[in-house]
Amino acid sequence: MRKKITVIGAGHVGETAAYNIARLELGDVVLIDIVEGMPQGKALDMFESSPIFPFDSKITGTNDYADTAGSDIVVMTAGLPRKPGMSRDDLLFKNLTIVKDCIGRIAKGSPEATLIVITNPLDAMCEVARRVSGFPRERVIGMAGILDSARMRSFIAMELNVSVENTHAFVLGGHGDSMVPLARYSTVAGIPITHLLPQDRIDAIIERTRKGGGEIVALLKTGSAYYAPGLAAAQMVDAILNDKHKILPCAAFLKGEYGISDTYVGVPVQLGRKGVEKVIEIELTEDERAALNRSADAVKELIEKFPKDLG
Ligand code: APR
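Within every chain, residues take consecutive numbers counted from 1 along the sequence as written. This being a predicted model, a pLDDT of at least 70 is required before a residue's local features are given, and a value of 80 or more before pairs of side-chain atoms are given or counted; all residues contribute to the totals for chains, interfaces and linings. The basis for every side-chain value is the complete set of heavy atoms in the structure, and neither hydrogens nor water enter the calculation.

### Some words on the site of the ligand
Then step 1. In the vicinity of the ligand there are 20 residues, among which His12, Val13, Asp33, Leu80 and Asn120 approach most closely.
Then step 2. We call two N or O atoms a polar contact when they sit within 3.5 Å, provided that within protein one can donate a hydrogen and the other can accept it, with sequence-adjacent residues counted only if both atoms are side-chain atoms. Contact distances for the ligand include 3.4 Å between an oxygen atom and a backbone N or O atom of Gly79.
Then step 3. Between an oxygen atom of the ligand and a side-chain N or O atom of Asn95, the distance comes to 3.4 Å.
Then step 4. When contributions to the shell around the ligand are tallied by element, the ones reaching two or more residues are helix H1 (12-23) and helix H3 (92-109).
Then step 5. By definition, any uninterrupted DSSP run of H or I lasting at least four residues is a helix, any uninterrupted run of E lasting at least two residues is a strand, and each is numbered from the N terminus. Element by element, the count of residues in the shell around the ligand is highest for H3, at four residues.
Then step 6. Residue classes follow a fixed rule: Ala, Val, Leu, Ile, Met, Phe, Trp, Tyr, Cys and Pro count as nonpolar, while Asp, Glu, Lys and Arg count as charged, and any other residue, Gly among them, counts as polar. By residue class, the composition of the shell around the ligand is 10 nonpolar, eight polar and two charged. Throughout, near means a residue has at least one heavy atom within 4 Å of the molecule or strand.

So this is what it looks like as structure tokens:
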């Protein structure tokens, strides 16, 4: 039987994720939004493009959670995006209400689903989804590290004028200004960038990576990035549904790994059919560990602001 993937939110990120998942033929896609007609229209347009490429996935648009029942994976994108001058954290309370509502409904009809959260502020919204769904931590995962490391890879490729395919980048920490790009573990054709670039250029790449989302927001003026976030979600769906045991940087709920407990933070994880199969622990220098702790503390600060009734 074909897999069923629901994408909640048919805005920029949701439609991009849905279209990529469908084009990669990862399963049949249900696109749900509160706006009437819009998800139906986008889904129909996407389906009508399928004979051209071609790809063979059903895409359905809906406003009714009954249509999402029995989903294998749910990609959560509903919520407000940033405007220029806003940090992701400024979205906390509005998006908390939306995530609580959507995940509460979805968990009833799809109790075995794996949740991939994209709504910002990402790490805190993962925790909302985990608490509201009651799902184990293996099945509530945040999409951030793939995006942040893809940004860093793009900047490395631009700087050295090499193919993006030769690049690899490592970014840990929360999906915010405190994220921790690791130059030592970032490579071009296997060679660490610390051997290829002077420190000031590496620092510039790290800074641009940290502010990568804000750079797009400032240019767009009316919303935030969606091509890279949408495709990154599709990569996670692929790793899970095809049981790839693939190591990808994701936001995971830590229980002592890296000396951090009871919070989401970006770390390398192994993704397969059961969701997070393993948190991969790599050796960190004292400075890197301190930066990761600071990043985790920034996430915890947001979680402490949650209303008491969230549990
Ligand atoms: N249920 C379903 N859909 C909802 C709900 C809800 N309760 N509330 C809002 N939405 C929908 C909106 O109708 C809109 O179509 O969420 C969609 C959001 O789309 P955009 O405004 O285009 O935002 P987008 O760029 O997709 O970003 C969504 O992802 O990367 C993050 O920071 C970003 O939090 C933001 C989220």
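Having put the structure on the table, let's press on.
### Some words on the packing of H1 against helix H8 (residues 227-241)
Then step 1. Note on geometry: axes are lines fitted to C-alpha atoms, helical ones only across the stretch in contact, with angles between N-to-C directions running from 0 to 180 degrees. Between H1 and H8, the shortest axis-to-axis distance is 8 Å and the interhelical angle comes to 45 degrees. In terms of axis orientation, H1 runs oblique to H8. With respect to the hand of their crossing, H1 and H8 are arranged in right-handed fashion. Mapping the contact onto sequence places Val13, Thr16, Ala17, Asn20 and Ile21 in H1 and Tyr227, Pro229, Gly230, Leu231, Ala233, Ala234 and Val237 in H8.
Then step 2. In terms of residue class, the contact of H1 with H8 is built from nine nonpolar, three polar and no charged. Under this scheme an angle from 65 to 115 degrees is roughly perpendicular, one under 35 degrees roughly parallel, and one over 145 degrees roughly antiparallel; angles in between are oblique. Left-handed is the label given to a crossing in which the near helix is rotated counterclockwise from the far helix by less than a right angle, and right-handed is the label when the rotation is clockwise. Whether two residues are in contact is decided by their heavy atoms: any pair within 4.5 Å suffices.

### Quick look at the confidence of the model for the protein chain
Then step 1. Residues of the protein chain with pLDDT of at least 70 account for 100%, and the chain-wide mean is 97.
Then step 2. Confidence of the predictor in every single residue is expressed as pLDDT, which spans 0 to 100. Here helix H9 (residues 286-303) is the element of the protein chain with the lowest mean pLDDT, 95, and strand S1 (residues 4-8) is the one with the highest, 99.

### Remarks on the nonpolar core
Then step 1. Among the buried residues, those of types Ala, Val, Leu, Ile, Met, Phe, Trp, Tyr and Cys that are joined through side-chain atoms within 4.5 Å form a nonpolar core. Exposure classes here rest on a 1.4 Å probe applied to the protein chains alone. A residue is buried below 20% of its type maximum, exposed above 50%, and partly exposed in between. Within the largest apolar cluster, 53 residues are counted, with the highest numbers of intra-cluster contacts made by Ile21, Val75, Val237 and Leu271.
Then step 2. Looking at which element gives the most residues to this core, the answer is H8, with eight residues.
Then step 3. Excluding its chain neighbours within four sequence positions, the residues that come into contact with Leu271 are Ile141, Met236, Ala239, Ile240, Lys244, His245, Lys246, Leu248, Cys250, Val276 and Glu277.

### Structural notes on empty space enclosed by the protein
Then step 1. The pocket and cavity definitions rest on a 1 Å grid over protein atoms only: a 1.4 Å probe that fits but cannot leave marks a cavity, an open set with protein on both sides within 12 Å along at least five of seven lines marks a pocket, and residues lining either have an atom within 4 Å of a point. Grid points are joined across faces, edges and corners, and a volume is the space filled by probe spheres set on the points. In the structure shown here, the tally under the stated rule is one cavity of 30 Å³ or more.
Then step 2. By volume, the largest cavity amounts to about 40 Å³.
Then step 3. Considering the residues around the largest cavity, the lining is formed by Ala144, Gly145, Asp148, Val171, Leu172, Gly173, Gly174, His175, Cys250, Ala251 and Gly266.
Then step 4. Looking at the lining of the largest cavity, the elements that each hand over two or more residues are helix H5 (145-160), strand S7 (167-172) and strand S10 (246-255).
Then step 5. For the lining of the largest cavity, the class distribution of residues is five nonpolar, five polar and one charged.

### Looking at H8
Then step 1. Here H8 spans 21 Å end to end across 15 residues, near enough to the 21 Å set by a 1.5 Å rise per residue.
Then step 2. For H8, the set of buried residues is Pro229, Gly230, Ala232, Ala233, Ala234, Met236, Val237, Asp238, Ala239, Ile240 and Leu241.
Then step 3. Positive backbone phi, approximately 50 degrees, marks Asp243, located one or two places after H8. Working rule for helices: expected span equals 1.5 Å times residues minus one.

### Points about the side chain of Ser110
Then step 1. Mapped onto the elements of the fold, Ser110 is located in the loop between H3 and strand S5 (114-117).
Then step 2. Engagement of the side chain of Ser110 in a polar contact is seen with the backbone oxygen of Thr68, the distance being 3.1 Å.
Then step 3. Ignoring anything within four residues of it in the chain, the contact list for Ser110 reads Thr68, Ala69, Gly70, Ser71 and Phe135.

### What about the pattern of salt bridges?
Then step 1. Salt bridges are identified by distance alone: a Lys or Arg side-chain nitrogen within 4 Å of an Asp or Glu carboxyl oxygen. Going through the model one piece at a time under the given rule, you end up with 15 salt bridges.
Then step 2. Here Glu207 and Arg210 are joined by a salt bridge, their closest N and O atoms 3.7 Å apart. Remark: Arg210 and Glu207 occur in helix H6 (residues 199-210); sequence separation between them is three residues, near one turn of the helix.
Then step 3. On the accessibility criterion, Arg210 (26% relative accessible area) is partly exposed.
Then step 4. Each of the salt bridges in this network shares a partner with another, and the network as a whole consists of Arg2, Asp28 and Asp56.

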